[in-house]
Amino acid sequence: MHPAGASDTSLLAGDNYSEGSVFAFVDESYAPFVAAAAVLVESSSADRMESGVASVFSHNRKRHYLAGMRGFERFRQDGFHATNDPLEVRMAFVDFLADTLDFKSMIVYSDRSTRPDLSDKQRLMIVFDQLVHDVLGAYRSRPKVVFCFESAEGMDSYVEQVVLRAARTFGRRAPEIEVRFGAKQSPYMLAVPDYVLHIFGQWRSDGAGTELEVDPKENRSRTFRAILGSISVARSLDDARVVRRTLG
């Protein structure tokens, strides 16, 4: 396990990854659902993707006309965060994601309608367990999968246990597993699952109780369309509903 805050200019600096290894950058959210997203990037593309996110950050932090906005000052200090970023910054990053073909996304979420006895943190561990199973089920033939989470202090050891326990269920079919914990902008790539979750949550909550659709006349749908091509699967733990990139 790599400690929180441990980072290099290159994601691969000092490490030796076999061809075909995969990075899974993971983030979680408690609103509007308890959810987690994994953004999957081939090890051969990881540094290029990291540099791309860093470049978009560097360009947007120079928007001097936004100086003094609380969200912009937080962005300049901490990096991208979908719920806080000003509209100009948010749309610039969405445009970057729409133009980037180097990643895939998997999402697992729960609207809390089942097992009301669970706390949100307990529910999140179940969400993580399903997400790790989905990732390893899709990438079990790879030599190595590196899971990278943003550090949540006391939660880190529990998260690592969930990942390793899920991997053991695959037995000898499981790839080598590594679990890392990062921090804000370390790596920059952790911004991508944050945005994927936010965009999906906004779109999905807007359509709650209706048939899921992508309406180009509706702003949240247009934003969702920007990342839809990356989504391998978005799975509800409550009603078994599955969203795939073929939607719309």
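Residues numbered from 1 in each chain as written. Predicted model: local features only at pLDDT ≥ 70, side-chain atom pairs only at ≥ 80, totals over all residues. Heavy atoms only, no water.

Visitor: Which parts of the structure should I look at to understand the packing of aromatic side chains?
Guide: Inspection of every chain in the model, using the stated rule, returns 18 aromatic pairs. With 5.1 Å between their ring centres and 70 degrees between their planes, Phe57 and Phe75 make a pair best called edge-to-face. Here Phe57 is found in helix 1 (residues 43–60), whereas its partner Phe75 is found in helix 2 (residues 70–78), with 18 residues between them in sequence. Residue Phe75 is classed as buried on the basis of its relative accessible area of 0%. Pairwise contacts between aromatic rings join Phe57, Phe72, Phe75, Phe80, Phe93, Phe96, Tyr188 and Tyr195 into one cluster. (Phe/Tyr/Trp six-rings, centres within 6.5 Å; stacked < 30°, edge-to-face > 60°. Helix = DSSP H or I, 4+ residues; strand = E, 2+ residues; numbered from the N terminus. Buried < 20%, exposed > 50% of the residue type's maximum accessible area, 1.4 Å probe, protein only.)

Visitor: Help me out: how do you make sense of the packing of helix 4 (residues 120–139) against helix 5 (residues 156–168) in this one?
Guide: Any two packed helices are characterised by how steeply their axes cross, that is the angle between the axes, and by the distance between the axes. Where helix 4 contacts helix 5, the axes come no closer than 9 Å and their chain directions differ by 40 degrees. With respect to helix 5, the element helix 4 is oriented oblique. Crossing angle aside, the handedness with which helix 4 passes helix 5 is right-handed. Residues Met125, Phe128, Asp129, Val132, His133 and Leu136 of helix 4 form the contact with helix 5, whose participating residues are Tyr158, Val159, Val162, Val163, Ala166 and Ala167. Taken together, the residues that form the contact of helix 4 with helix 5 break down as ten nonpolar, one polar and one charged. (Axes fitted to C-alpha atoms, helices over the stretch in contact; angles between N-to-C directions. Parallel < 35°, antiparallel > 145°, perpendicular 65-115°, else oblique. Left-handed = near helix turned anticlockwise from the far one by under 90°. Contact = heavy atoms within 4.5 Å. Nonpolar A, V, L, I, M, F, W, Y, C, P; charged D, E, K, R; others polar.)

Visitor: What should I look at first to understand the pattern of salt bridges in this one?
Guide: The full count for this structure, using the stated rule, is eight salt bridges. We note a salt bridge from Glu176 to Lys144, for which the minimum N-O separation is 3.7 Å. Pair noted here: Glu176 is in strand 5 (residues 176–182) and Lys144 is in strand 4 (residues 144–150), with a separation of 32 residues, a long-range link. Overlapping salt bridges bring together Lys144, Glu176, Glu178 and Arg180 as one network. (Salt bridge = Lys/Arg side-chain N within 4 Å of Asp/Glu carboxyl O.)

Visitor: What exactly am I supposed to notice about helix 3 (residues 87–99) here?
Guide: In an α-helix, one turn spans 3.6 residues, which is why side chains three or four residues apart end up on the same side. Across its 13 residues, helix 3 extends 18 Å between first and last C-alpha, which sits within 8% of the 18 Å expected from 1.5 Å per residue. Taken residue by residue, helix 3 has Val89, Ala92, Phe93, Val94, Phe96 and Leu97 as its buried positions. (Expected span 1.5 Å × (residues − 1).)

Visitor: Can you help me understand the layout of surface pockets in this one?
Guide: One simple way to see leftover space: roll a probe sized like a water molecule over the atoms. By volume, the largest pocket amounts to about 510 Å³. In terms of lining, the largest pocket is formed by 29 residues, of which the most central are Asp27, Glu28, His81, Glu150 and Asp194. Of all the secondary structure elements, the ones that give two or more residues to the lining of the largest pocket are strand 1 (22–29) and helix 6 (191–206). At seven residues, helix 6 tops the list of elements feeding residues into the lining of the largest pocket. (1 Å grid on protein atoms, 1.4 Å probe; cavity = no way out; pocket = protein on both sides within 12 Å on 5 of 7 lines; lining within 4 Å. Points joined across faces, edges and corners; volume = space filled by probe spheres on them.)

Functional significance is not addressed by these values, which are geometric in nature.
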